[in-house]
Amino acid sequence: MEKYDITKPMKIPVGMHKLNGEPGISFQLNRLVNMDGCDLAVAKEIGLAIKSASDFYRVLKSRADSELEQGHIKNAAALYRMSEFYTDWEDENGLNAWKKARELFFQYYADFFSGERPIVKLVKVPYEGCEMPVLKFNAESPKGTIVMHGGFDSSYEEFFSECEYLRERGYDVYLFEGPGQGECIRLYGAPLVIEWEKPVMAVTEYFDLHDVILVGQSSGGFFAPRASAFDDRVTKCVSIAQFGALKMNFSDNAFVNGLTIGLLNVVLYSFGWLINILYAAKKGKGMPFFRTYFHRMGTTNVYRLAKILWSIDLRPIADKLTKDYLIIGGSRDSMACRAGLGRHLLILRKAQSVSSREITEFEQGADHCCCGNQTVAMDAVLLWAEMIERRDRSCNQQNKMGNKR
């Protein structure tokens, strides 16, 4: 059976590729390669066969079956996992593909979880009627603690290689899926919560963690700093995606950005009643956007959905954001405008320190979540953490000298 060789250091793929004529599908296929570990040659072949989103599940599932028959566990796990992306949440095919992907994931990385002192340990943390899965990466001589999570549609498989990369460089890492993500929504139906400090504190308190570097990716770029405002165990926070507020991410041009928000409000608040009636009458059929967002956010009401979405905003708690912050953005992020990075920084007026790193097309990690070069993003986190540590040493030394005078 194919398995990862744990004697070799983790290598994260580098490169963004045009894998389909439709940009959204091409990006998801790049996630398949860069975040799930599928071979690029396989993704290229798949990309040619997909003509629309409706082909996505069929094409990926068929190739996953073929790869599994040939014993290619890594490719099969990645393909099954990504095949569910465009499926409806009530579609049994999507759920079965997700379950198969997770099964194969643990087969491929089995040696990480084996032995008396495993490199990685799966722990289930209780949280409001469900169990949040946490992958605990154990460094040999830990020099710090990182807690990592994703965003809207994330699954811990996507960040496994990043966390192992960080572990190899001396950090204990706790990678978890919270409400609205992966196992929590697939098995328990637990929707996303704006109060992300609740699942974060469930993790930090369960493991009794201190001086935590909290890392959030995608919309986790909002959730992580939101949690940092309320959890004193978190002292440093990284946002990998410029997501200070959803309202800040529609356009680089401030006027266009404001106009877009205004038009959305007109549609949602003026015609929300009609959308609600249509949704109820059609039982959501033919309305995939609302089916997905209603499910993820735990509502079936447009007005409630709008309230939740507009609550993705750090500005109301800006005075509570007092930790050290690093914002990592992409110069061509397909999910957020470039100006969102600067707007995010402006919110952090009470922070102990604020740093930013924009990853460019030259570096091949300019798109969402640095897909294409996650290594450069992880290196940015490591270098920033070292910089903060040096700052603290110098400040403490200066304070000691001052006290002696």
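Note that the structure is predicted; figures quoted are calculated from it, not measured.

(A) Structural detail: the sheet that holds strand S2 (residues 130-137). Sheet architecture is open: eight strands sit in the order S1-S2-S4-S3-S5-S6-S7-S8, paired in mixed fashion. Bordering the open sheet on either side are strand S1 (120-127) and strand S8 (353-359), each of which pairs with just one other strand. Across this sheet, the average inter-strand angle for adjacent strands is 20 degrees, counted without regard to direction. The pairing of S2 with strand S4 (residues 171-176) spans four bridges and is antiparallel. Each residue of the ladder has a partner; that of Lys136, found in S4, is Tyr174. Sheet contacts for helix H6 (residues 160-168): S1, S2, strand S3 (144-149), S4 and strand S5 (212-217); angle to S4, the most-contacted strand, approximately 160 degrees. Strands strand S6 (234-240), strand S7 (324-330) and S8 of the sheet are contacted by helix H13 (residues 339-347), whose axis makes an angle of about 175 degrees with S8.

(B) Geometry of the pairing of S1. In terms of strand pairing, S1 meets S2 through eight bridges, oriented antiparallel. Counterpart to Pro126 in the pairing with S2 is Glu131. Hairpin connection from S1 to S2: two residues lie between these consecutive antiparallel strands, with Glu128 at a positive phi of about 40 degrees.

(C) Structural context of the packing of helix H1 (residues 23-34) against helix H4 (residues 73-83). Interaxial distance between H1 and H4 falls to 9 Å at its minimum, and their mutual angle equals 145 degrees. Handedness of the H1/H4 crossing: right-handed. Side by side, H1 and H4 meet where Gln28, Arg31 and Leu32 of the first sit next to Ala78, Leu79, Arg81 and Met82 of the second. Per-class residue counts for the contact of H1 with H4 are four nonpolar, one polar and two charged.

(D) Here's a closer look at the pattern of salt bridges. What the rule picks out here adds up to 33 salt bridges. Arg31 is the salt-bridge partner of Asp153, the closest N and O atoms lying 3.8 Å from each other. With a gap of 122 residues between them, Asp153 in the loop between S3 and H6 and Arg31 in helix H1 connect regions that are remote in the sequence. Here Arg31 falls in the buried class, since its relative accessible area comes to 6%. Among the ionic pairs, Glu389 bridges to Arg393, the shortest N-O distance being 3.2 Å. With Glu389 and Arg393 both in helix H14 (residues 374-404) and four residues apart, the pair spans about one turn of that helix. We classify Glu389 as partly exposed; its relative accessible area is 42%.

(E) Spotlight on the packing of H1 against helix H2 (residues 40-49). Interhelical geometry of H1 versus H2 gives an angle of 160 degrees and a closest axis separation of 9 Å. On the basis of the axis angle, H1 is roughly antiparallel to H2. As for the relative orientation of H1 and H2, their crossing is right-handed in sense. Side by side, H1 and H2 meet where Leu29, Leu32 and Val33 of the first sit next to Leu40, Ala43, Ile46 and Gly47 of the second.

(F) Structural view of the environment of Asn257. Mapped onto the secondary structure, Asn257 falls in helix H10 (residues 254-282). Along the sequence, Asn257 and Cys337 sit 80 residues apart, while their C-alpha atoms lie 9.6 Å from each other. When sequence neighbours within four positions are dropped, the list of residues in contact with Asn257 reads Lys247, Met248, Asn249, Phe250, Ser251 and Arg343. Polar side-chain contacts of Asn257 include one of 2.9 Å to the backbone nitrogen of Phe250.

(G) Here's a closer look at the nonpolar core. Among the nonpolar cores identified, the biggest contains 66 residues, and Leu29, Leu32, Ile46, Phe160, Val238 and Ile328 are the most heavily contacted of them. The element that contributes the greatest number of residues to this core is H14, accounting for nine residues. Those residues within four positions of Phe160 in sequence are excluded, and the remaining contacts are Met10, Phe105, Tyr109, Phe112, Phe113, Val120, Leu135, Phe137 and Leu175. Grouped together as the second largest cluster of nonpolar side chains are 60 residues, Phe152, Tyr174, Phe222 and Ala351 included.

Cut-offs used in this document
Residues numbered from 1 in each chain as written. Predicted model: local features only at pLDDT ≥ 70, side-chain atom pairs only at ≥ 80, totals over all residues. Heavy atoms only, no water. Pairing = 2+ DSSP bridges. Helix = DSSP H or I, 4+ residues; strand = E, 2+ residues; numbered from the N terminus. Axes fitted to C-alpha atoms, helices over the stretch in contact; angles between N-to-C directions. Contact = heavy atoms within 4.5 Å. Left-handed = near helix turned anticlockwise from the far one by under 90°. Nonpolar A, V, L, I, M, F, W, Y, C, P; charged D, E, K, R; others polar. Salt bridge = Lys/Arg side-chain N within 4 Å of Asp/Glu carboxyl O. Buried < 20%, exposed > 50% of the residue type's maximum accessible area, 1.4 Å probe, protein only. Parallel < 35°, antiparallel > 145°, perpendicular 65-115°, else oblique. Polar contact = N/O pair within 3.5 Å; in protein donor to acceptor, adjacent residues only side chain to side chain. Core = buried A, V, L, I, M, F, W, Y, C linked by side-chain atoms within 4.5 Å.

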